[in-house]
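# Fold and contact review
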Amino acid sequence: MRAGLPYRDGVGVMLYNAQGMVFVAKRIDMITEAWQMPQGGMDVGEEPRATALRELEEEIGTNKVEIIAESADWYYYDLPVDLIPKVWGGNYCGQRQKWFLMKFVGTDADINIQTVHPEFSEWKWIKPELLPDVIVPFKRDLYAALVQEFRRLIQ
């Protein structure tokens with residue numbers, strides 16, 4: 001808890017393809033180059049795995065995946081103070097997330113970011129080691145820790 005506010009419960013997905021590259025997408029609502037992996041909030045009573053699969057479908061138009069691993073612990077990140085009033089109605093100081101490593105078993109043609117409520121303007125596959133370099137600064141440590149936890153499992 002920070003600034004007297006709780007963390008929002010959420011999930012994230014490190015999705016990799018047959019070449020060992022990881023999916024990232026550029027957020028529509030950011031002025032800067034803000035790329036991220038699929039992620040989102042958990043609905044009340046929803047389990048993390050179900051949330052992760054739902055978020056994939058909602059954000060990238062497919063859930064043609066195989067779940068490889070679940071993070072050992074919950075990951076936390078804090079929003080910059082100036083963002084708190086602008087995100088999630090100002091009700092949270094950041095997120096507590098359960099992360100999943102998933103292998104993409106579809107083709108690139110299955111990915112469609114022009115969903116009902118688009119969140120991304122473009123997407124690409126990148127090397128896992130580059131993830132911390134493309135993410136917004138306040139999430140870099142989280143992404144570096146995810147790479148460390150999941151890297152050995154990406155084939």
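So, here is what we can say about the structure in this document. What you see as residue numbers is a count from 1 along each chain, following the sequence as written. Only residues with pLDDT of at least 70 are given local features in this predicted model, and only at 80 or more are side-chain atom pairs given and counted; all residues enter the totals for whole chains, interfaces and linings. For side-chain calculations, the full set of non-hydrogen atoms in the structure is used, while hydrogens and water are omitted.

### Digging into the overall build of the protein chain
Helix and strand labels come from DSSP, where a helix needs a run of H or I of at least four residues and a strand needs a run of E of at least two; each type is numbered from the N terminus. The number of helices and strands found in the protein chain is 3 helices and 8 strands. Reading the protein chain from its N terminus to its C terminus gives the helix and strand order β-β-β-β-α-β-β-β-β-α-α. Only C-alpha atoms enter the radius of gyration, while the globule expectation follows 2.2 Å times N to the 0.38, with N the number of residues. The C-alpha atoms of the protein chain give 15 Å as radius of gyration, which agrees with the globular expectation for 155 residues (15 Å, within 12%). Expressed as lengths along the three principal axes of its C-alpha atoms, the size of the protein chain is roughly 45 × 35 × 30 Å. Think of it in three bands: with a 1.4 Å probe and only protein chains considered, a residue is buried below 20% of the maximum accessible area for its type, exposed above 50%, and partly exposed in between. Residues classed as buried in the protein chain amount to 46% of the 155 residues present. Whether two residues are in contact is decided by their heavy atoms, any of which lying within 4.5 Å being enough. Contacts in the protein chain between residues at least 24 apart in sequence constitute 72% of all its contacts with a sequence separation of at least 6. Only the protein chains shown count as cover for residues, and all accessible areas are computed by the Shrake-Rupley method using a 1.4 Å probe. Working note: accessible area of the protein chain is about 7,900 Å², and carbon and sulfur atoms make up 52% of it. Just so you know, the count uses Lys and Arg for positive and Asp and Glu for negative, and it drops His and the chain ends. To locate a charge, the coordinates of NZ of Lys, CZ of Arg, CG of Asp or CD of Glu are taken. Within the protein chain, the 23 negative side-chain charges are centred at a point lying 3 Å from the centre of the 17 positive side-chain charges.

### Some thoughts on helix H1 (residues 48-60)
Take the number of residues in a helix, subtract one, and multiply by 1.5 Å to get its expected span. The first and last C-alpha atoms of H1 sit 18 Å apart over 13 residues, in line with the 18 Å expected at 1.5 Å per residue. Taken together, the buried positions of H1 are occupied by Pro 48, Thr 51, Ala 52, Arg 54, Glu 55, Leu 56, Glu 59 and Ile 60.

### Quick word on the packing of aromatic side chains
Paired rings are identified among Phe, Tyr and Trp, the last through its six-membered ring, by centres lying within 6.5 Å, and are further divided according to the angle between planes into stacked (under 30 degrees), edge-to-face (over 60) and tilted (the rest). Under the counting rule described, the total for this entry stands at 8 aromatic pairs. A ring pair is formed by Phe 104 and Trp 125, whose centres lie 5.9 Å apart and whose planes are at 40°; its orientation type is tilted. Placement of the pair is Phe 104 in strand E7 (residues 94-104) and Trp 125 in strand E8 (residues 120-126), with a sequence separation of 21 residues. Summarising the burial analysis for this pair, Phe 104 and Trp 125 share the class buried. Ring centres 5.9 Å apart and planes at 90° place the aromatic pair Trp 123 and Trp 125 in the edge-to-face group. Overall, the relative accessible area of 24% leaves Trp 123 in the partly exposed class. Residue Trp 125 is classed as buried on the basis of its relative accessible area of 15%. Members of the aromatic cluster, connected to one another through ring pairs, are Phe 23, Phe 104, Trp 123 and Trp 125. In this structure, Lys 124 packs its charged tip against the face of Trp 35, placed 4.2 Å from the ring centre. Note on geometry: a ring has a charge over it if NZ (lysine) or CZ (arginine) is within 6 Å of the ring centre and within 35 degrees of the ring normal.

### What about the nonpolar core?
In this text, buried Ala, Val, Leu, Ile, Met, Phe, Trp, Tyr and Cys residues form a nonpolar core when linked through side-chain atoms within 4.5 Å. Grouped together as the largest cluster of nonpolar side chains are 27 residues, with contacts concentrated most on Met 14, Met 37, Trp 99, Leu 131, Tyr 143 and Leu 146. Looking at this core, the elements that each hand over two or more residues are strand E1 (7-16), strand E2 (22-27), strand E6 (75-78), E7, helix H2 (131-134) and helix H3 (140-150). Among the elements that make up this core, the one with the highest residue count is H3 (5 residues). Counting residues in each nonpolar core, the second largest holds 16 residues, with Ala 25, Ala 52, Phe 100 and Phe 120 among its members.

### Points about the pairing of E7
E7 sits mainly inside the fold: 9 of its 11 residues count as buried. Strand pairing follows a simple DSSP-based rule, namely that at least 2 bridges must link the two strands. Pairing of E1 with E7, which is carried by 10 bridges, proceeds in the parallel orientation. Its bridge partner lying in E7, Tyr 16 is registered against Lys 103. Of the pairings in the sheet, the one linking strand E5 (residues 65-70) to E7 comprises 5 bridges and is antiparallel in character. Across the sheet, residue Ile 67 finds its bridge partner in E7, namely Met 102.

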